[in-house]
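The residues making up each chain are set out below.
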Amino acid sequence: MRTIGVLTSGGDAPGMNAAIRAVVRQAAALNMEVIGIARGYAGLIQGDFRRLNTGAVADIIHRGGTILLTARSEEFRTEAGRAIALDNLRREGIEGLVVIGGDGSFHGAVHLAKKGMPTVGIPGTIDNDIAGTDYTIGFDTAVNTAVEAINRIRDTATSHERIFIIEVMGRHSGQIALAAGIAGGAESILIPEYPVDYDQVVERIERGRHRGKLHSIIVVAEGVGSALEVSREIGKRTKLESRVTILGHIQRGGAPTAFDCLLASRLGAHAVKLLASGASSRMVGIAANELVDRDLETILQEKKTIDPDLYRLAEVLAL
Ligand code: ATP
């Protein structure tokens, strides 16, 4: 294999640039050329290609977002769109493709692999909602951003003796909420994987007030529903006012943490080595800090679950 392509797709995540850099530099070490594809599958259909030499990825390891830009493409979901994409790849002499993105992007990668284009996926999404890896690129940074926000809000919550409800990202996954909630010392953490128990939330608030603790932090994953609804429900039950903060897209931006830079560097290099060895339709990941790779289609059928011990720990520590 002499030439490989790399693209970023779906939502951007801090650390994607570090992964692109690792792909380019590992490829160079194996005497392979790398073509960057702009705007994910949309750019693949438009033929928006740019050669990436080792200098092109200098000074990006610490930058959030993705220098290749990212997009969502409806056209790529059609057979016709994917046929154009495949033609473009072949015309450019690309013999293997690295796809950095989330599960939607990997569905697209499987299609390309089935048509004979070797593909390897790198999990890049802040949600950490992909099976086959302990961590996705960007998750650690997003959790750190959320914890910093929680700590700032706690200062106000303590000073004003108020209840604060903080909504974090995670439409289908409570991974960010659980990690940030535990690390940020939240009293209650509401995630879509477990039924919301308002009786317990209220009990915790009231137990705290009996002890003389008049402030409370409740972390809610967006998949649970609106934080405003949570606030209204708590108000109805306790007659206490609460303030709502929705962290939103600030969780997606910013410089990647050292953890994410290291993870992205390892996964990027591993993906290239796999392609060079003739692998296809695989996803790289880490399990117990070891590099691993698994079949993409199998991973897409699995669901990443919340560690029940972590969930229980949150309950014990918040007492
Ligand atoms: P994130 O988790 O950050 O949202 P993602 O990779 O899951 O990232 P999606 O918007 O679901 O993001 O997918 C990105 C792109 O992948 C889509 O715009 C589409 O072009 C392609 N894609 C998604 N699902 C499929 C599918 N089933 N078949 C073909 N292509 C798909």
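Residues numbered from 1 in each chain as written. Predicted model: local features only at pLDDT ≥ 70, side-chain atom pairs only at ≥ 80, totals over all residues. Heavy atoms only, no water.

With an unreviewed UniProt entry as reference, the protein is termed ATP-dependent 6-phosphofructokinase, source organism Moorella mulderi DSM 14980. One UniProt comment on the protein, placed under Catalytic activity (unreviewed entry), says "beta-D-fructose 6-phosphate + ATP = beta-D-fructose 1,6-bisphosphate + ADP + H(+)". Quoted verbatim from the Sequence similarities (unreviewed entry) field of UniProt, the annotation for the protein is "Belongs to the phosphofructokinase type A (PFKA) family. ATP-dependent PFK group I subfamily. Prokaryotic clade 'B1' sub-subfamily." (UniProt positions renumbered as here; feature names shortened; annotations may be inferred.)

Enquirer: Got a minute to help me understand the site of the ligand in this structure?
Expert: Around the ligand, 17 residues are found, and the nearest of them are Arg-72, Ser-73, Asp-103, Gly-104 and Ser-105. With respect to the ligand, the side chain of Asp-103 contributes an N or O atom lying 2.9 Å from an oxygen atom. One of the backbone N or O atoms of Gly-104 is found 2.9 Å from an oxygen atom in the ligand. For the ligand, whose accessible area on its own is 630 Å², the fraction buried by protein is 86%. (Near = heavy atom within 4 Å. Polar contact = N/O pair within 3.5 Å; in protein donor to acceptor, adjacent residues only side chain to side chain. Areas by Shrake-Rupley, 256 points an atom, 1.4 Å probe, with all protein chains shown as cover.)

Enquirer: Explain the sheet that holds strand S9 (residues 242–246) here, please?
Expert: Strand pairing within a sheet occurs via backbone hydrogen bonds; the two strands may be parallel or antiparallel. Taken together, the 4 strands give an open sheet; going across it, the order is S7-S8-S6-S9, and neighbouring strands pair in parallel fashion. The sheet is open, and its two edges are formed by strand S7 (188–190) and S9, each paired on a single side. Averaged over all pairs of adjacent strands, the angle between their axes in this sheet comes to 20°, without regard to strand direction. As judged from the 3 bridges shared by S7 and strand S8 (residues 216–221), these two strands associate in the parallel manner. Across the sheet, Ser-188 pairs through a bridge with Ile-218, a residue of S8. Docked against the sheet, helix H6 (residues 175–183) engages strand S6 (163–168), S7 and S8, running at close to 175° with respect to S7. (Pairing = 2+ DSSP bridges. Helix = DSSP H or I, 4+ residues; strand = E, 2+ residues; numbered from the N terminus. Axes fitted to C-alpha atoms, helices over the stretch in contact; angles between N-to-C directions. Contact = heavy atoms within 4.5 Å.)

Enquirer: How should I be thinking about the nonpolar core in this particular structure?
Expert: Note on soluble globular proteins: their nonpolar side chains tend to be buried together. Formed by 59 residues in total, the largest nonpolar core has its most connected members in Ile-4, Val-98, Ile-122 and Ile-217. Ranked by residues supplied to this core, first place goes to helix H5 (residues 139–160) with 9 residues. Residue contributions to this core reach at least three from each of two domains, namely domain 1 (3–138 + 256–301) and domain 2 (139–253). Beyond its immediate stretch of four places on either side in the chain, Val-98 contacts Ile-4, Gly-5, Val-6, Leu-7, Val-23, Val-120, Ile-122, Ala-271 and Leu-275. In this structure, Ile-94, Leu-112, Met-283 and Leu-296 belong to the second largest nonpolar core, which totals 25 residues. (Core = buried A, V, L, I, M, F, W, Y, C linked by side-chain atoms within 4.5 Å. Buried < 20%, exposed > 50% of the residue type's maximum accessible area, 1.4 Å probe, protein only. Domains from an automatic or database assignment.)

Enquirer: Could you clarify how one ought to interpret H6 in this entry?
Expert: For the α-helix, the turn length of 3.6 residues means that residues three or four positions removed from each other point alike. Of all the residues in H6, the buried ones are Gln-175, Ile-176, Ala-177, Leu-178, Ala-180 and Gly-181. Among the residues trailing H6, Gly-185 stands out with phi positive, at a value near 65°.

Enquirer: How should the side chain of Gln-26 be read in this particular structure?
Expert: Position of Gln-26 relative to the elements: it lies in helix H1 (residues 16–29). Gln-26 has contacts with Ala-269, Val-272 and Lys-273, leaving out every residue within four places of it along the chain.

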